[in-house]
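Here are the chains, one letter per residue:
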Amino acid sequence: MQPDTLPKPDAPRPDPIAGENTVAGENTVTVLTAPSAGAIAVIRLEGPLVEAALRRRARSRSGKSLDVPPGPRPRLVRWDFGGPEPEEAVLYRPGETLLEIHCHGGLRVVERLVQAAAVDGFARLSWQQWLQYEERDPIAAAARAALAQVRTRRAAEILLDQYHGALRSALADIAAALSRGDAAAAQGLRRLASRIPLGLHLSRPWRVVILGPPNAGKSSLINALAGYDRALVHPVPGTTRDLVSAVIVADGWPIELIDTAGLRQAAHPVEQLGVRKAEDAARNADLVILVFDRSRPWRAGHDALLRRYPQALLLHNKCDLAAGPGERPPGLYVSAHRPDDVPPILDALVRRLVPDPPPPGEAVPFTEDQAAAVKEALDFLERQNPQAAAARLRRLAPATPAPPALARPALEPPALEPPALEPPA
Ligand SMILES: Nc1nc2c(ncn2[C@@H]2O[C@H](COP(=O)(O)OP(=O)(O)OP(=O)(O)O)[C@@H](O)[C@H]2O)c(=O)[nH]1
Ligand SMILES: [Mg+2]
């Protein structure tokens, strides 16, 4: 039998991972839809207090109290959340202690319904916390959370592979091979580590910073690559001052392009600030593109830039014009004014960022925690300690996917003192 009285605020909470329920014994409220305004929001109530909340808040059109037994059929009700007018909602109650409220997706409506649930004794659980309970496998939980952030289908496919077990089984295989003293383990572990940069970028675009002398055509290039006029273009050198970014997709990978102020000893203090910002952005970039104006003479200062950014991808721009004097280092010869030059630039970008894309089903670590664990395991192995390496990997993916390794999320206490509900009829 389900308890029907509200918990005392200081009552000890039961262990959330003791039972089969996602948060056994706990009363929680979670917004399952995206944290922004939408047409419909889904609010999930879970716990022994669901029945009491229903009795308190579910009303018919005429305002009568409604019985909503568990079952597959959704019910259209008016949800009396304590406001001037009850809110129309569709209720779905798949189990005794589970209730989904599908209501208007306006931010205020959602917040007021959540607050009403808090008054009824339900603690707020973020969707990320809810996933950790819901998914007993921490890698699957992390994959689902990351999937909510991805921008491209290709990134989503890789995360879905990890959700379905690619990373989990690779970790288990490598750990077993390490324990056996199998030499193949080292290779597997190195391969996994080599996937880390890609994995961390699946839900966070690569950052590519476009640098070069003033007037080289940097802003024209970001516009050409983005496919729209993102940045101001002007014949006067020193036009761009702040960082201007555009997120694009190239070959299925999310890439943030950042246009910058032309690099020169600027006299104007605002331009100086822009140059400093450009250099800071380049320090944190995954790749720098250096753009030079091919119609102008090649200068010693350009060589200095090459030495400063030796890994940069070089573009010699304005190739539709006559070439300026001077021998140039190898690079791509392009024109920001020629649409046909865009695909080869994107190809070159992608080859630099993802030189070896993973085949379908390949294991890819995709969170900072996973990356750290793989790197630590590699460290242990290099220090001739394969058993410690295996143990580190096993901690990342416990053999039985029960989540005792998960820290129990801190639950917010109910916002207000919960009023008593009537005892069951
Ligand atoms: N003919 C030709 N002109 C170009 C090309 N790319 C840019 N331009 C012109 O060069 C001038 C400067 O272009 P921008 O894109 O503003 O150059 P920038 O490097 O962003 O300049 P700053 O922001 O001042 O550093 C503009 O008049 C552009 O139209 C090109 O490939 N061919
Ligand atoms: Mg510019």
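Above this note sits the structure.
Attention in this report is confined to the structure presented alongside it. For every chain, the first residue of the written sequence is number 1, and numbering continues from 1 onward in sequence order. Lettering of chains starts at A and numbering of ligands starts at 1, both following the order in which they are written. This being a predicted model, a pLDDT of at least 70 is required before a residue's local features are given, and a value of 80 or more before pairs of side-chain atoms are given or counted; all residues contribute to the totals for chains, interfaces and linings. Only hydrogens and water are set aside when side-chain values are computed; all heavy atoms of the structure are taken into account.

**Re the packing of aromatic side chains**
Stage number 1. Two rings from Phe, Tyr or Trp (for Trp, the six-membered ring) form a pair when their centres are within 6.5 Å of each other. A pair whose planes differ by under 30 degrees is stacked, one over 60 is edge-to-face, and the rest are tilted. Inspection of the entire model under this criterion finds two aromatic pairs.
Stage number 2. A ring pair is formed by Trp206 and Trp253, whose centres lie 5.8 Å apart and whose planes are at 75°; its orientation type is edge-to-face. Linking Trp206 in strand 8 (residues 206-211) with Trp253 in strand 10 (residues 253-259), this pair joins segments that are 47 residues apart in sequence.
Stage number 3. Trp253 sits in the buried class, given a relative accessible area of 1%.
Stage number 4. Pairing Phe292 with Trp298 gives two aromatic rings, centres 4.8 Å apart and planes at 65°, and the pair type is edge-to-face.
Stage number 5. When a residue's accessible area, from a 1.4 Å probe over protein chains only, is under 20% of the maximum for its type it is buried; when over 50% it is exposed; and in between it is partly exposed. The exposure class assigned to Trp298 is buried, which follows from its relative accessible area of 13%. Secondary structure counts use DSSP, requiring at least four H or I residues in a row for a helix and at least two E residues in a row for a strand, with both numbered from the N terminus.

**With respect to the coordination of the magnesium ion (ligand 2)**
Stage number 1. A 2.8 Å cut-off from the metal defines N, O and S donors, relaxed to 3.2 Å for Na, K and Ca; water is not in the atom list, so some sites may appear incomplete. Taken together, Ser219 (OG) and Thr240 (OG1) make up the protein donors of the magnesium ion (ligand 2), found 2.0 to 2.1 Å from the metal. One end of the pair, Ser219, is in helix 9 (residues 218-226); the other, Thr240, is in the loop between helix 9 and strand 9 (244-250), with 21 residues separating them in the sequence. Each member of the pair Ser219 and Thr240 is classed as buried.

**Here we look at the site of ligand 1**
Stage number 1. In the neighbourhood of ligand 1, 23 residues make up the surrounding shell, with Lys218, Ser219, Ser220, Gly238 and Thr239 lying closest.
Stage number 2. Backbone polar atom of Gly217 to an oxygen atom of ligand 1: 2.9 Å apart, as the coordinates give it.
Stage number 3. Polar contacts, as used here, are pairs of N or O atoms within 3.5 Å; protein pairs need one atom able to donate a hydrogen and one able to accept it. Residues neighboring in sequence count only if both atoms are side-chain atoms. In the environment of ligand 1, an oxygen atom lies 3.0 Å from a nitrogen or oxygen atom belonging to the side chain of Lys318. Nearness is judged by heavy atoms alone; a residue qualifies as near a molecule or strand once a single heavy atom is within 4 Å of it.

**Quick word on the sheet that holds strand 5 (residues 87-95)**
Stage number 1. Strand pairing follows a simple DSSP-based rule, namely that at least 2 bridges must link the two strands. Reading across the sheet, the seven strands line up as 3-4-5-6-2-1-7 and stay open at both edges, with mixed pairing between neighbours. Looking at strand neighbours, the two that pair on one side only are strand 3 (58-59) and strand 7 (123-124), the edges of this open sheet.
Stage number 2. As defined by bridge partners, strand 4 (residues 75-79) adjoins strand 5 across five bridges and the pair is classed as antiparallel. Among the inter-strand pairings, Arg78 is bridged to a residue of strand 5, identified as Glu88.

**Examining the sheet that holds strand 8**
Stage number 1. Taken in spatial order, the six strands make up an open sheet running 9-10-8-11-12-13, and their pairing is mixed. If you trace the sheet from one side to the other, it starts and ends with strand 9 and strand 13 (332-333), each paired once.
Stage number 2. Pairing geometry for strand 12 (residues 313-317) and strand 13, over two bridges, is parallel. Across the sheet, the residue bridging to His316 is Tyr333, located in strand 13.
Stage number 3. Contacts are assigned to residue pairs with any non-hydrogen atoms lying within 4.5 Å of each other. Fitting a line to C-alpha atoms yields each axis, with helices limited to the stretch in contact; the angle taken between N-to-C directions then spans 0 to 180 degrees. Across the sheet, helix 10 (residues 269-283) is in contact with strand 8 and strand 11 (287-293); its angle to strand 8 comes to roughly 140°.

**Some points on helix 10**
Residues spaced three or four apart along an α-helix face the same direction, because each turn holds 3.6 residues.
Stage number 1. For a helix, the expected span equals 1.5 Å multiplied by the number of residues minus one. The terminal C-alpha atoms of helix 10 lie 21 Å apart, and with 15 residues this matches the ideal 21 Å at 1.5 Å per residue to within 8%.
Stage number 2. Among the residues of helix 10, those classed as buried are Glu271, Gly274, Val275, Ala278, Glu279, Ala281 and Ala282. Projected down its long axis, helix 10 shows its buried positions confined to an angular sector of 160°, all on one face. Residues Pro269 and Arg283 are exposed on helix 10 and point more than 90 degrees away from its buried face.
Stage number 3. Buried residues along helix 10 sit in contact with strand 8, strand 11 and helix 11 (300-308). What the arc covers is the set of directions going from the helix axis to the C-beta atoms.

**Quick notes on the side chain of Asp293**
Stage number 1. Looking at where Asp293 falls in the secondary structure, it is placed in strand 11.
Stage number 2. On the basis of relative accessibility, which here comes to 9%, the residue Asp293 falls in the buried class.
Stage number 3. Here the side chain of Asp293 touches Lys318 through a polar contact of 3.2 Å, side chain to side chain.
Stage number 4. Dropping the residues within four chain positions of it, Asp293 is found in contact with Asn215, Ala216, Asn317, Lys318 and Arg328.

**A look at the packing of helix 6 (residues 166-180) against helix 14 (residues 386-396)**
Stage number 1. The interhelical angle for the contact between helix 6 and helix 14, taken along N-to-C directions, is 160°, at an axis separation of 8 Å. If you check the angle between helix 6 and helix 14, you find them roughly antiparallel. Helix 14 is crossed by helix 6, and the crossing has left-handed handedness. Facing Leu171, Ile174, Ala175, Ala176, Leu178 and Ser179 of helix 6, the residues of helix 14 in contact are Pro386, Gln387, Ala389, Ala390, Leu393, Arg394 and Leu396.
Stage number 2. When grouped by side-chain class, the residues that make up the contact of helix 6 with helix 14 number 10 nonpolar, two polar and one charged. The cut-offs work like this: below 35 degrees is roughly parallel, past 145 is roughly antiparallel, 65 to 115 is roughly perpendicular, and the gaps in between are oblique. Take the far helix as your reference; a near helix turned counterclockwise from it by less than a right angle gives a left-handed crossing, and one turned clockwise gives a right-handed crossing. Residue polarity is assigned by list, with Asp, Glu, Lys and Arg as charged and Ala, Val, Leu, Ile, Met, Phe, Trp, Tyr, Cys and Pro as nonpolar; anything else, Gly included, falls into the polar class.

**Quick look at the pattern of salt bridges**
Stage number 1. The salt bridge definition used is simple: a Lys or Arg side-chain nitrogen within 4 Å of an Asp or Glu carboxyl oxygen. Per the stated rule, a full pass over the model turns up 26 salt bridges.
Stage number 2. The shortest N-O distance in the salt bridge between Arg44 and Glu46 comes to 2.7 Å.
Stage number 3. The exposure class of Arg44 is buried, given its relative accessible area of 9%.
Stage number 4. On the accessibility criterion, Glu46 (2% relative accessible area) is buried.
Stage number 5. Put simply, Glu51, Arg55, Arg93 and Glu96 are held in one network by salt bridges that share partners.

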